[in-house]
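# Overview (structure and organization)
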Amino acid sequence: MLISRFYSSNFDITKKRKSISKHIFNKTNLQILSVLLLCLYLLSNTKKFISSSNFEFFNELLINNGFVIKDIEIQGTKYLNKDDILKVVSSYNNINIFSINVQKLYEEISNNTWVKRGSIKIVYPNTIKIFLTEKEPVAIWQDKFGNKLISKSGDFILEKNFKNFKNFLPIIIGKNAHKNINPILKILNLQKEFVKNI
């Protein structure tokens, strides 16, 4: 009897060990799975943080090493106030020169009513060259809202100071006269003696 009892108690111990081992194994698996899920979650959230901080780091690095706008050359202006263009470009002073969206800068410059067309060239490390073609004013259109400069195509050119233009541009008056500027100018060019008396 002793042997069978001994065997039986040994069997119970082995059974308990297996049960404890399974329990520890399941608990360990659960812990490993939890750690993996936590790591995946943290990696997915820190990836966004790492990428934005990397951009800021490289932006600061480039700015600190001189890759920022220092020189602005504007060519092709006769009437256009260069300060208006400099104000637009100055909004790009806090970013490195490689990050400048040239298309967006061109669109912002083209919003000035004097600009007919232009091009922008970036000369690394720190220069922007802006080449502009201005609209040519051909007349002053006077309506009930005030005076406006008119180009050959009939476009408005917004200008605050008309004194510079009143001495050599004809003043036209009438509803939609700006749309008919070319025929009006042809008549004025043909009748030069008549124009002197106006």
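## Brief notes about the sheet that holds strand β2 (residues 115–123)
- What the three strands build is an open sheet, ordered β1-β3-β2; its pairing is mixed. For this open sheet the edge positions go to β1 (71–75) and β2, each flanked by a neighbour on one side alone. Averaged over all adjacent pairs, the angle separating strand axes in this sheet is 15°, with direction ignored.
- Here β2 runs beside strand β3 (residues 127–134); their pairing, made up of eight bridges, is antiparallel. When the bridges of β3 are listed, Lys121 appears paired with Lys129.

## Topic: the pairing of β3
- Pairing analysis gives five bridges linking β1 to β3, with the strands arranged parallel. Counted as the bridge partner of Ile72 is Ile128 from β3.

## Some words on the packing of aromatic side chains
- If you walk through the whole model with that rule in mind, you get six aromatic pairs.
- Both rings, one in Trp141 and one in Phe156, keep their centres 5.6 Å apart while their planes meet at 15°; by these two values the pair is stacked. Note that Trp141 is positioned in strand β4 (residues 137–143) and Phe156 in strand β6 (residues 156–157), a separation of 15 residues in sequence.
- On the basis of relative accessible area, Trp141 is assigned to the buried category, the value being 7%.
- Taken together, Phe67, Phe98 and Tyr124 form an aromatic cluster joined through their ring pairs.

## Overview of the environment of Asn59
- For Asn59, the location among the structural elements is in helix α1 (residues 2–64).
- Residue classification places Asn59 among the buried positions, given a relative accessible area of 10%.
- Sequence spacing of Asn59 and Asn94 is 35 residues, and the spatial spacing of their C-alpha atoms is 9.3 Å.
- With near-sequence residues (within four places) excluded, Asn59 lies in contact with Asn94, Ile95 and Asn96.

## Here's the deal with the sheet that holds β6
- Strand order in the open sheet made by the four strands is β6-β5-β4-β7, with mixed pairing throughout. The outermost strands of the open sheet, each flanked by one partner alone, are β6 and β7 (171–173).
- Note that strand β5 (residues 146–151) and β6 share two bridges and pair antiparallel. When the sheet's bridge partners are listed, Ile150 is paired in β6 with Phe156.

## Re helix α2 (residues 82–90)
- Every buried residue of α2 is listed here: Ile85, Val88 and Val89. Buried positions in α2, seen along its axis, are confined to an arc of 95° and lie on one side of it.
- Check the buried side of α2 and you find it contacts β1, α3 (102–110) and β3.
- Where α2 starts, the residue carrying a side-chain oxygen 3.1 Å from the main-chain nitrogen of Asp83 turns out to be Asn81.

## Some thoughts on the nonpolar core
- Formed by 24 residues in total, the largest nonpolar core has its most connected members in Leu105, Ile109, Ile128 and Ile130.
- When neighbours within four sequence positions are excluded, Ile109 is seen to be in contact with Ile85, Val88, Val89, Val115, Ile120, Ile130 and Leu132.
- Counting residues in hydrophobic clusters, the runner-up holds seven residues, among them Ala139, Trp141, Ile172 and Ile181.

## Considering the confidence of the model for the chain
- Across the chain, the average pLDDT comes to 76, with 67% of residues at or above 70.
- Taken together, the stretch residues 1–9 has pLDDT below 50 and engages in zero contacts with residues farther than four places along the chain or on a different chain.

## Observations concerning unusual backbone geometry
- Of the consecutive residues Tyr124 and Pro125, the connecting peptide bond is found in the cis state with omega at 20°.
- Checked against the element boundaries, Pro125 lands in the loop between β2 and β3.

Parameters and conventions
Residues numbered from 1 in each chain as written. Predicted model: local features only at pLDDT ≥ 70, side-chain atom pairs only at ≥ 80, totals over all residues. Heavy atoms only, no water. Pairing = 2+ DSSP bridges. Helix = DSSP H or I, 4+ residues; strand = E, 2+ residues; numbered from the N terminus. Axes fitted to C-alpha atoms, helices over the stretch in contact; angles between N-to-C directions. Phe/Tyr/Trp six-rings, centres within 6.5 Å; stacked < 30°, edge-to-face > 60°. Buried < 20%, exposed > 50% of the residue type's maximum accessible area, 1.4 Å probe, protein only. Contact = heavy atoms within 4.5 Å. Arc of directions from axis to C-beta. Polar contact = N/O pair within 3.5 Å; in protein donor to acceptor, adjacent residues only side chain to side chain. Core = buried A, V, L, I, M, F, W, Y, C linked by side-chain atoms within 4.5 Å. pLDDT = per-residue confidence, 0-100.

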